[in-house]
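# What the coordinates show
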Amino acid sequence: MRHKPAIAPNIPSVSADPTVEVTMTVNGQTVTRHVSPRMLLTDFIRHELGLTGTHVGCEHGVCGACTVLIDGRAARACLTFAVQADGAELRTIESEASEDGTLSELQKAFAECHGLQCGYCTPGFIMNIRAHLESGEKLDLSDEGIRDMISGNLCRCTGYKNIVAAVRKSAQHFNRK
Amino acid sequence: MSTRQFGAKISRNIDPELLRGEGKFTDDIPLPGALHAAFVRSPFARARIEAIDTSDALACPGVVAVYTCDNIEHLDRELPLLIPHPSMNNARTQRPLAREDVYYVGQPVAMVVAVNRYVAEDAALLVDVDYDALDVELDMEKAILDDAPLVHPSHPNNIAADFTQVSGNPDTAIAAAEHVTKLRVQVDRSTAAPMECRTVAAWFDHVSSELTVWDGTQAPIGVRGGLASLFDLDEDKVRVIAPHVGGGFGQKVMFPYADEILVPYAAINLGKPIKYIEDRRENFIGSNQERTQIHTIELYATKSGEVLALSDDFLHDTGAFIPYGIAVAQVASTSIAGPYRIPNIRVRFRAVYTPTVPVTPYRGCGRPQACFAIERAMDQLADELGIDRFEIRRRNLIRDDEFPYARDGLLFADGLQVKHDSGQYLRALEMAREAIGWDDFPAKQAEARAEGRYLGLGLAFYVEGTGLGPYEGGHIKIHPITGKVYVNTGLAGQGQGHETSFAQIVADQLGVNVSDVIFREGDTGAYDWGVATFASRAAVVSGNAIYKAAKVVRQQLVEAAANMLEAPTDEIELTDGYASVKGTNRKIAYSTIATATNPLRYAFNEAAQIATQFAPASKHDGPPLAEGQHPGLEATDYFSPSCATWAYGVHAAIVEIDPVTCRVVFHKYVCIHDCGNMINPTIVEGQVMGGLAQGIGGALFEHIEFDDDGNLTNANFVDFLIPYATEIPDIEIQHLETPSPLNPLGVKGVGEAGCIAVGATVASGLADAVSHVSGSKFHYTPVTPDMILEALPQGTAQPPD
Ligand code: FES
Ligand code: FES
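Only a predicted model underlies this, so the values are computations on that prediction, with no experimental measurement involved.

Those residues carrying the UniProt feature "domain: Aldehyde oxidase/xanthine dehydrogenase a/b hammerhead" (unreviewed entry) are residues 20-135 of chain B in this numbering. Spanning residues 20-135 of chain B, this segment combines 12% helix with 29% strand, and its end C-alpha atoms are found 52 Å apart.

Structure, rendered in structure tokens:
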């Protein structure tokens, strides 16, 4: 097929959506953007801020892949509009390792227990578990208790067994601290 | 590296980046100025398209283009039939965008491109399509009747393929049989549901005329071939990259989906990068599915339970099109005798067009259906003859001294004869018997029954033909600057840990750390010979190719080091990135060897100084590279298996029915499996466990439901029930390692192992649980609470007060 050089078509670059200003703190840094009121928080985080570690698995609040911490609580970014998070404090998977890339104990436990395969669901699991670890509640580390803790996240690869082991391992570490 | 890496439980090279959220999935690739595509899809299972009006959509601010079959030029054609087979006549494949007819709910009719996905989806709703709905028949058994509505008028009775295979002499054996057991079983429709839906992004560089496509596919080389031919571009000008892919399970091996060619087309057409990120609903209604088969199976046996002959006749639902040929049905038909000797087999299938999303392999690919048929039949035979379920299997299993055991007349999905190459089937069965506690079980069951509880033991054996050809390749190069080892292959990974397993193979040969092996796959720009990731073949086919290439590089390393260290080759040792002379402290780093074997002009670093044209070491007569020599330490090799290698295993479970909710509770689940030598047992177990969870989903929860009009009524994760951690029991996995004689590493595939036998195991356990009160045999999966309720004596299931 020959592709003859042609005058580049005039392509619009914006939609007719109005925009609103949103400001929030993301992983400790304050950000302000002008976005469409219907922009999902997932798109805001991933494409406006370029933090692509937060994933999207269903966009209807069932799989947990998009889990982030909003004001310290696990929340589904796919069910949240960016404007709803105006003024909030967000934490995403990118905040989990330290600056130099050293994995947190939770991340290490996932690696050591082979708690991930494709890794698509993993950031959502980590953020959900992080919220539990930091909640101050007494954690039920029985098999049943852990399975219950992660029962808001779907994983299609691992069969969960190793994720359960990873939670137990990291929670023990957390309890020791 | 003194300890052997092959066989070691090593954590994965890929994990840190995935755990930090630094994975590179298609939608993560930054493409400045990218436009977004959305599809208009058919709301009818079968209809004529009277008219399409795109004007309102085009008028929508932010919309750039709307494509229908009328403005996609040469792409308005039927897409290729990927795997032709003589049993199909005029096989029907899909057009990228429907022309005149639609054949399933979800079929793409138009594609809208806009500045963002929000606008693209708004505008997709504004495309006005005028349909004239036609009659449909969703039930396969009715669809093959003479007066059934046809999916394709070209195919009477909706038959897409009709194929019979025969092994041995079934007629004679049937005549000699003393007992026949016959049953009809059905495994129903399901879907892979990878956590990342399908994704495509494309960018065409008009200056260099190069097309780059990022595609969450299992088959980047195939996609590249398809695009180059459909677009009439030099293969060289098309680069397909499968970046990180969030699970595939077969759904992403099929190509091209409409979006895989229309997105690149629009990128060329509009001169902008374009992205299409499928949403979950589209994944349900638009991406291929698998499973529905209805088997009528007969076992012809002696009174002592020896099965002399098997006859199976099954219907295979292929959906509205058959782009992947008969692969799924063929795998089922050739796996139908399972691990049993059964020397005489007749198996026929008819692939049936139904007005539903097309059927192509989903993890298991026909094996779960075949396993369900033969294992439910074995249970029934045992029951009818009054023989214990373990015993009837023991009497029929292929014995260790009978390997390799060929089934002449049965051709597997690679076109080659079925040959069970090695195994310890009897030992595996015995291990399962012990692990599940068969000897104590009757007492436990009696006790439970006395208390009014329903406790059952389920059992199923499976076999899995893996590691199909035609071939894969491996390329290995030691980099001169870092001394790290670079490995390429033509596969693509979706989480299987190829980077680590293959690094282990290479690390042993070359004496480096696993973490110093840099592995790259899924990029036709890096390596473009090969096939794809499917049929549990990566470890077998690519693994052995990489092993062979590593041996060549090892030899190069040893020879070059011997030369530089002035020692005989048999005194050179390779450890931790250094070549040394045995028993001395004379050693030299691989980076130095790699540099020295590459004659240089420029001394870009210290090591390079010794390799430049003017360095004393380089002084010799003749050209710096002798005739036939190539620079550096590098090799490519290929592995092409003589036929598939057969893995196998046994599942056993103790299940209890909760009579109030009709929920199935697993008290114990054991899985014995043998995939030959294990490269990394941690990864193997992960694969098996993941498969088991999918199997449990398929056995009890996951069911694609169509209404009578062909609408998929549960196209979301609320209604299509993928198990969470709370639904999956803790499963005990035990390994056997019987090497395959068919490849140098002695490995067999494991990707699909876990899921195959779960449906049969669960059904076997449930039938056992109710055998004292009901004749229910559970010949259908997924088993729903309703079916369990029906199996219980009336009035059992009482809501609590
Ligand atoms: S993407 Fe948000 S819950 Fe699935
Ligand atoms: S690791 Fe793939 S979905 Fe969880």
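We now examine the packing of helix H14 (residues 498-510) of chain B against helix H15 (residues 538-565) of chain B. Residues and elements named next belong to chain B. The contact between H14 and H15 brings their axes to 9 Å, and the two run at 30°. The orientation of H14 with respect to H15, classified from their angle, is roughly parallel. Here H14 runs over H15; the crossing is right-handed. Every residue of H15 that contacts H14 at His498, Phe502, Ile505, Val506, Asp508, Gln509 and Leu510 is listed here: Ala538, Ala539, Ser542, Gly543, Ile546, Tyr547, Ala550, Lys551, Val553, Arg554 and Leu557.

Our next topic: unusual backbone geometry. All names here are of chain B. Omega for the peptide link from phenylalanine 255 to proline 256 comes to -15°, which places this bond in the cis form. Tracing the sequence through the fold places proline 256 in the loop between strand E11 (238-241) and helix H7 (258-270). Note that the residue after threonine 781, namely proline 782, is joined by a cis bond; omega there is -5°. Relative to the assigned elements, proline 782 resides in the loop between strand E29 (780-781) and helix H21 (785-791). Even without glycine at this site, asparagine 90 takes up a positive phi of about 55°. Along the chain, the position of asparagine 90 falls in the loop between strand E3 (63-67) and strand E4 (101-102).

All names here are of chain B. The strand order E3-E5-E1-E12-E9-E10-E11 describes an open sheet built from seven strands, whose pairing is mixed. Each of the sheet's edge strands pairs with one partner strand only, and the pair in question is E3 and E11. Across the sheet, the mean angle separating the axes of adjacent strands is 20° when strand polarity is ignored. Across two bridges, the pairing between strand E1 (residues 35-41) and strand E12 (residues 274-277) is parallel. Each residue of the ladder has a partner; that of histidine 36, found in E12, is lysine 275.

Our focus in this paragraph is the sheet that holds strand E27 (residues 663-674) of chain B. Residues and elements named next belong to chain B. Pairing within the open sheet is mixed, and its four strands lie in the order E18-E26-E27-E28. Each having just a single partner strand, strand E18 (454-466) and strand E28 (732-736) make up the two edges of the open sheet. Averaged over all adjacent pairs, the angle separating strand axes in this sheet is 15°, with direction ignored. Bridge analysis of E18 against strand E26 (residues 645-658) gives 13 bridges, and the strand direction is antiparallel. Within E26, the residue paired with glutamate 464 across the bridge is alanine 647. Running at roughly 140° to E27, helix H18 (residues 681-701) makes contact with E26, E27 and E28 of the sheet.

How each quantity is defined
Residues numbered from 1 in each chain as written. Chains lettered and ligands numbered in written order. Predicted model: local features only at pLDDT ≥ 70, side-chain atom pairs only at ≥ 80, totals over all residues. Heavy atoms only, no water. UniProt positions renumbered as here; feature names shortened; annotations may be inferred. Helix = DSSP H or I, 4+ residues; strand = E, 2+ residues; numbered from the N terminus. Axes fitted to C-alpha atoms, helices over the stretch in contact; angles between N-to-C directions. Parallel < 35°, antiparallel > 145°, perpendicular 65-115°, else oblique. Left-handed = near helix turned anticlockwise from the far one by under 90°. Contact = heavy atoms within 4.5 Å. Pairing = 2+ DSSP bridges.

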